Amino acid sequence: MQTKTMEGLIGARTNMEMLNTPFRVFKEARRKGDTAMMERAMGYMSEFHEDAYEYKEVADEGMKEDVEETRKIAEEQREEMIQNRKEEREEQQKKLEEERKENKGDKIVDTVEISEDGKVLLKENTQTADADADGTDVETDASAKPKADLEPVFYSSAGEVKQLENTGVDVSVSV
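Residues numbered from 1 in each chain as written. Predicted model: local features only at pLDDT ≥ 70, side-chain atom pairs only at ≥ 80, totals over all residues. Heavy atoms only, no water.

Q: Could you clarify how one ought to interpret the overall build of the protein in this entry?
A: Of regular secondary structure, the protein possesses four helices and four strands. Walking the protein from its N terminus toward its C terminus, one meets helices and strands in the order α-α-α-β-α-β-β-β. Expressed as a percentage of its 175 residues, the buried residues of the protein come to 12%. Counting only contacts in the protein whose residues sit at least 6 apart along the sequence, the fraction spanning at least 24 positions is 66%. Surface exposure of the protein reaches about 15,400 Å², of which carbon and sulfur atoms provide 50%. (Helix = DSSP H or I, 4+ residues; strand = E, 2+ residues; numbered from the N terminus. Buried < 20%, exposed > 50% of the residue type's maximum accessible area, 1.4 Å probe, protein only. Contact = heavy atoms within 4.5 Å. Areas by Shrake-Rupley, 256 points an atom, 1.4 Å probe, with all protein chains shown as cover.)

Q: Is there a simple way to think about the environment of glycine 8 in this case?
A: Tracing the chain through its elements places glycine 8 in helix H1 (residues 3-18). Overall, the relative accessible area of 0% leaves glycine 8 in the buried class. Not counting residues up to four positions away in its chain, the partners in contact with glycine 8 are Tyr55, Lys56, Val58 and Ala59.

Q: Where do I start with the pattern of salt bridges in this structure?
A: Pairs can form between side chains of opposite charge whenever their charged atoms are close. Summed over all chains, the structure comprises seven salt bridges. Residues lysine 4 and glutamate 61 are paired through a salt bridge, measuring 3.6 Å at the closest nitrogen-oxygen approach. A residue pair is termed long-range when its members are at least 10 positions apart, and lysine 4 in helix H1 and glutamate 61 in helix H3 (residues 35-102) qualify at 57 residues. Here glutamate 65 and lysine 4 are joined by a salt bridge, their closest N and O atoms 3.2 Å apart. Within this pair, whereas glutamate 65 is found in helix H3, its partner lysine 4 is found in helix H1, the two being separated by 61 residues in sequence. For lysine 4, a relative accessible area of 33% gives the class partly exposed. (Salt bridge = Lys/Arg side-chain N within 4 Å of Asp/Glu carboxyl O.)

Q: Mind showing me how you'd approach the side chain of threonine 5 here?
A: Here threonine 5 is to be found in helix H1. Its relative accessible area of 2% is what places threonine 5 among the buried residues. If near-sequence neighbours (up to four positions away) are discounted, threonine 5 is found in contact with Ala59, Gly62, Met63 and Asp66.

Q: Looking at this model, I keep getting lost on the nonpolar core. Mind explaining?
A: The nonpolar side chains of soluble globular proteins are, as a tendency, buried together. In this structure, Leu19, Phe26, Ala29, Met38, Ala41, Met45 and Phe48 together form the largest nonpolar core, which totals seven residues. Those elements that place two or more of their residues in this core are helix H2 (20-32) and H3. The element best represented in this core is H3, accounting for four residues. (Core = buried A, V, L, I, M, F, W, Y, C linked by side-chain atoms within 4.5 Å.)

Q: Got a minute to help me understand a nonpolar patch on the surface in this structure?
A: On the surface, a cluster of nonpolar side chains totalling about 320 Å² of accessible area is made up of Val153, Tyr155 and Val161. Along the chain, tyrosine 155 falls in strand E2 (residues 154-155). (Patch = residues over 30% accessible without salt bridge, like charges linked within 9 Å, V, L, I, M, F, W, Y side chains within 5 Å.)

Q: Before we go on, may I ask you to explain the packing of H1 against H3 in this structure?
A: Packed helices, taken two at a time, are described by their axes: the angle between them and the distance between them. With their axes 7 Å apart at the nearest point, H1 and H3 run at an angle of 160° to one another. One finds that H1 runs roughly antiparallel with respect to H3. Every pair of crossing elements has a handedness; the one defined by H1 and H3 is left-handed. In this structure, H1 contributes Lys4, Thr5, Glu7, Gly8, Leu9, Gly11, Ala12, Asn15, Met16 and Met18 to the contact, and H3 contributes Phe48, Asp51, Ala52, Tyr55, Lys56, Val58, Ala59, Glu61, Gly62, Met63, Glu65 and Asp66. Within the contact of H1 with H3, the residues separate by chemical class into 10 nonpolar, five polar and seven charged. (Axes fitted to C-alpha atoms, helices over the stretch in contact; angles between N-to-C directions. Parallel < 35°, antiparallel > 145°, perpendicular 65-115°, else oblique. Left-handed = near helix turned anticlockwise from the far one by under 90°. Nonpolar A, V, L, I, M, F, W, Y, C, P; charged D, E, K, R; others polar.)

Okay, structure coming up:
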């Protein structure tokens, strides 16, 4: 809140409270029938009333300045956010360009990282597949192939098995 706003609000409130004193004097003079005292009290009341409205105008000016200042701050913040977003996009574009350069032409390379939990599961599954291949731990169906000999299967968006031809796509998995 600006100084003008505070000054205006406090001044207007003080002058409105000060109106009570001459108003009481006016009422007392009216009961007594003293018109001269009533006129003086009305003069004081008029002065305090005018001062209160002057302070109200000061408060209104201060509030307008507060609004303008708030708008300026909001616009600056908005511009800063836009600039930050532009910088982030530029960084992402640079990273994408670097990755494309690293991919050596037409080949698309995806990198997969396996978490520690995934590594443990992989080790367990590998041990199970070895046991299945030996035929010692698990009963096997005569038509079933060992898990280690299975080819990867790809599915279409309709859920059908799809045979892929060599598209020049390499997948790099680091464990």
